[in-house]
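One letter stands for each residue in the lines below.
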Amino acid sequence: MTYARITGTGGHLPDKVLTNHDLERMVDTSDDWIRERTGISKRHIAVDGETTCDLAEQASRRALEAAGRTADEIDLVIVATTTPDQIFPSTACLLQQRLGIHGCAAFDIQAVCTGFVYALGVADKFVRTGSASCVLVVGAETLSRIVDWTDRSTCVLFGDGAGAVVLEASEEPGIISAHLHADGDYESLLRVPGGVSKGYDLVQEGGAYMEMKGNEVFKMAVTTLGRIVDETLEANGLEKSDIDWLIPHQANIRIINATARKLRMSTERVVVTVGEHGNTSAASVPLALDQAVRDGRVKRGETILMEAFGGGFTWGSVLLKY
Ligand code: COA
């Protein structure tokens with residue numbers, strides 16, 4: 001049996017840091033409020049001209065180096081992003097060009113904060129069926145471009161960054177299972193209403209920015225992530241105690257803690273980056289994985305549960321042996 005196994009990870013954050021104290025000077029908020037309600041103290045923001053592909057490129061180069069692979073060995077590129085550099089080509093194609101990869105399939109996945117989990121699930125299918133053997137899977141965002149910096153209820157939450165993994169065919173597991181879901185009925189709770197087909201008039205009227213009913217999203221996220229944990233364990237006949245690491249989407253420390261409680265996991269077994277990164281959407285899970293791999297917390301053979309929830313709504317999980 002062929003599995004898809006992560007052989008290298010990489011991450012990249014823009015140099016520019018925006019602290020809660022910086023935000024106090026921009027909107028009516030306070031460091032105390034942001035920390036208490038979200039766990040966030042700072043986030044990284046791309047400067048003008050710094051794009052999603054720039055961040056993706058740095059994270060990808062690090063992942064390739066960690067895997068001991070060269071770009072020409074990659075036979076599929078998937079980029080999860082909600083903030084592509086341009087309408088087309090896809091960010092995956094732009095990244096392919098940057099890395100000097102030619103000819104293999106390359107495409108973007110748009111599942112907002114669940115994007116990387118979706119991308120990993122899709123890449124797993126390619127590898128298991130023999131359609132690809134060395135895949136570059138990236139989550140990269142410049143969320144700051146779709147944040148309304150005058151709206152205190154959203155602007156304190158988000159940040160920019162990129163994370164990447166190299167996923168290779170292996171006799172050893174590998175990704176054990178991926179569980180992907182969506183329900184478009186919840187569009188009005190979390191969205192950027194403007195866009196290409198609806199026209200740019202809406203964008204000019206303020207529709208280019210994120211709109212969120214935070215409280216309702218919060219409640220849905222907690223209950224839905226609880227369900228996805230049960231679904232993943234049940235599908236694999238596992239107990240909560242079989243999970244070594246929870247690598248959750250980094251939206252809010254209170255949502256993360258609720259999922260950890262559900263798994264009866266101690267906080268030392270949960271990788272948390274939200275305090276320093278904010279919510280980087282599709283980049284948050286691979287950035288957290290990369291951090292925990294590089295600082296030696298996550299070790300080969302350990303069982304990881306990744307989960308995410310985001311606009312759509314979309315939600316999902318990936319269970320894997322690292
Ligand atoms: N600073 C200070 N006060 C703020 C604020 C800010 N940045 N943002 C909102 N407030 C105020 C509100 O105006 C409200 O004031 P009121 O009671 O006078 O009306 C009060 O704080 C409480 O607002 P509420 O929205 O109920 O707070 P909350 O506890 O739900 O926290 C979020 C708000 C956004 C932090 C929380 O709902 C959340 O994290 N939601 C999920 C967001 C998310 O993860 N989205 C992405 C999913 S991938």
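In this text the structure is predicted, and so the values were computed from the model without any measurement.

## Some thoughts on the overall build of the protein
Alright, step 1. Each helix and strand counted, the protein has 11 helices and 13 strands in total.
Alright, step 2. When its C-alpha atoms are laid out on the principal axes, the protein stretches across 55 × 45 × 35 Å.
Alright, step 3. Taken over 322 residues, the protein has a buried fraction of 54%.
Alright, step 4. Within the protein, contacts between residues separated by at least 24 positions form 76% of all contacts whose residues are at least 6 apart in sequence.
Alright, step 5. Taking the average place of the 31 positive charges on the side chains of the protein and the average place of its 44 negative ones, the gap between the two points comes to 4 Å.

## Some words on the domain arrangement of the protein
For an interface, size is often stated in terms of accessible area lost upon the parts coming together.
Alright, step 1. Domain boundaries in the protein define domain 1 (3-171) and domain 2 (177-321).
Alright, step 2. A straight line from the C-alpha centre of domain 1 to that of domain 2 covers 14 Å.
Alright, step 3. At the interface, 52 residues of domain 1 touch 46 residues of domain 2.
Alright, step 4. On the domain 1 side of the interface with domain 2, the three residues burying the most area are Cys113, Val117 and Tyr118, jointly 17% of the side's total.
Alright, step 5. Viewed at the interface, domain 2 and domain 1 are joined by 0 salt bridges.

## Thoughts on the pattern of salt bridges
Alright, step 1. Following the criterion strictly, the structure yields 15 salt bridges and no others.
Alright, step 2. Of the charged contacts, one joins Arg69 and Glu168 as a salt bridge, the two residues approaching to 2.8 Å between their closest N and O atoms. On the criterion of sequence distance, the pair formed by Arg69 in the loop between α3 (52-67) and β4 (76-80) and Glu168 in strand β7 (residues 160-170) is long-range, its members being 99 residues apart.
Alright, step 3. On the accessibility criterion, Arg69 (30% relative accessible area) is partly exposed.

## Considerations on the side chain of Thr81
Alright, step 1. Structurally, Thr81 can be placed in the loop between β4 and α4 (91-99).
Alright, step 2. A polar atom in the side chain of Thr81 sits 3.0 Å from the backbone nitrogen of Thr83.
Alright, step 3. Looking at Thr81, its side chain comes within polar contact range of the main-chain oxygen of Ala140, at 2.7 Å.
Alright, step 4. Non-local contacts of Thr81, meaning those with residues more than four positions away in its chain, are made with Thr52, Thr91, Asp108, Ile109, Gln110, Ala140 and Glu141.

## Topic: the packing of aromatic side chains
Alright, step 1. Applying the stated rule across the entire model yields 3 aromatic pairs.
Alright, step 2. Geometrically, the ring pair formed by Tyr186 and Phe313 is stacked, given 5.1 Å between the ring centres and 15 degrees between the ring planes. Of this pair, Tyr186 sits in the loop between β8 (175-182) and β9 (190-191) while Phe313 sits in the loop between β12 (303-310) and β13 (314-321), placing them 127 residues apart in sequence.
Alright, step 3. Between Phe309 and Phe313 the ring centres are 4.7 Å apart and the planes differ by 50 degrees, which places this aromatic pair in the tilted class. Of the two residues, Phe309 and Phe313, both sit in the buried class.

## Some remarks on helix α11 (residues 284-294)
Along an α-helix, a turn takes 3.6 residues, which lines up residues three or four apart on a common side.
Alright, step 1. Counting buried residues along α11, 9 of its 11 residues qualify, which places the element largely inside the surrounding structure.
Alright, step 2. All buried positions along α11 are accounted for by Ser284, Val285, Pro286, Leu287, Ala288, Leu289, Asp290, Ala292 and Val293.
Alright, step 3. At the exit of α11 stands Gly296, carrying a positive phi of roughly 85 degrees.

## Some points on the environment of Asp28
Alright, step 1. Relative to the helices and strands, Asp28 is located in the loop between α1 (20-24) and α2 (31-38).
Alright, step 2. Relative accessible area serves as the criterion here: at 60%, Asp28 is assigned to the exposed category.

## Section: the packing of helix α8 (residues 214-235) against helix α9 (residues 253-262)
The description of two packed helices rests on the angle between their axes and on the distance between the axes.
Alright, step 1. Viewed as axis vectors pointing N to C, α8 and α9 meet at an angle of 30 degrees, and their least axial separation amounts to 9 Å. The angle between α8 and α9 falls in the class roughly parallel. Every pair of crossing elements has a handedness; the one defined by α8 and α9 is right-handed. Residue-level inspection shows Phe218, Ala221, Val222, Leu225, Gly226, Val229 and Asp230 of α8 in contact with α9, the latter providing Arg254, Ile255, Ala258, Thr259 and Lys262.
Alright, step 2. Among the residues making up the contact of α8 with α9, the classes are represented as 7 nonpolar, 2 polar and 3 charged.

Rules of the game
- Residues numbered from 1 in each chain as written.
- Predicted model: local features only at pLDDT ≥ 70, side-chain atom pairs only at ≥ 80, totals over all residues.
- Heavy atoms only, no water.
- Helix = DSSP H or I, 4+ residues; strand = E, 2+ residues; numbered from the N terminus.
- Buried < 20%, exposed > 50% of the residue type's maximum accessible area, 1.4 Å probe, protein only.
- Contact = heavy atoms within 4.5 Å.
- Lys, Arg positive; Asp, Glu negative; His and termini not counted.
- Charge placed at Lys NZ, Arg CZ, Asp CG, Glu CD.
- Domains from an automatic or database assignment.
- Buried area = accessible area lost by both parts, 1.4 Å probe.
- Salt bridge = Lys/Arg side-chain N within 4 Å of Asp/Glu carboxyl O.
- Polar contact = N/O pair within 3.5 Å; in protein donor to acceptor, adjacent residues only side chain to side chain.
- Phe/Tyr/Trp six-rings, centres within 6.5 Å; stacked < 30°, edge-to-face > 60°.
- Axes fitted to C-alpha atoms, helices over the stretch in contact; angles between N-to-C directions.
- Parallel < 35°, antiparallel > 145°, perpendicular 65-115°, else oblique.
- Left-handed = near helix turned anticlockwise from the far one by under 90°.
- Nonpolar A, V, L, I, M, F, W, Y, C, P; charged D, E, K, R; others polar.

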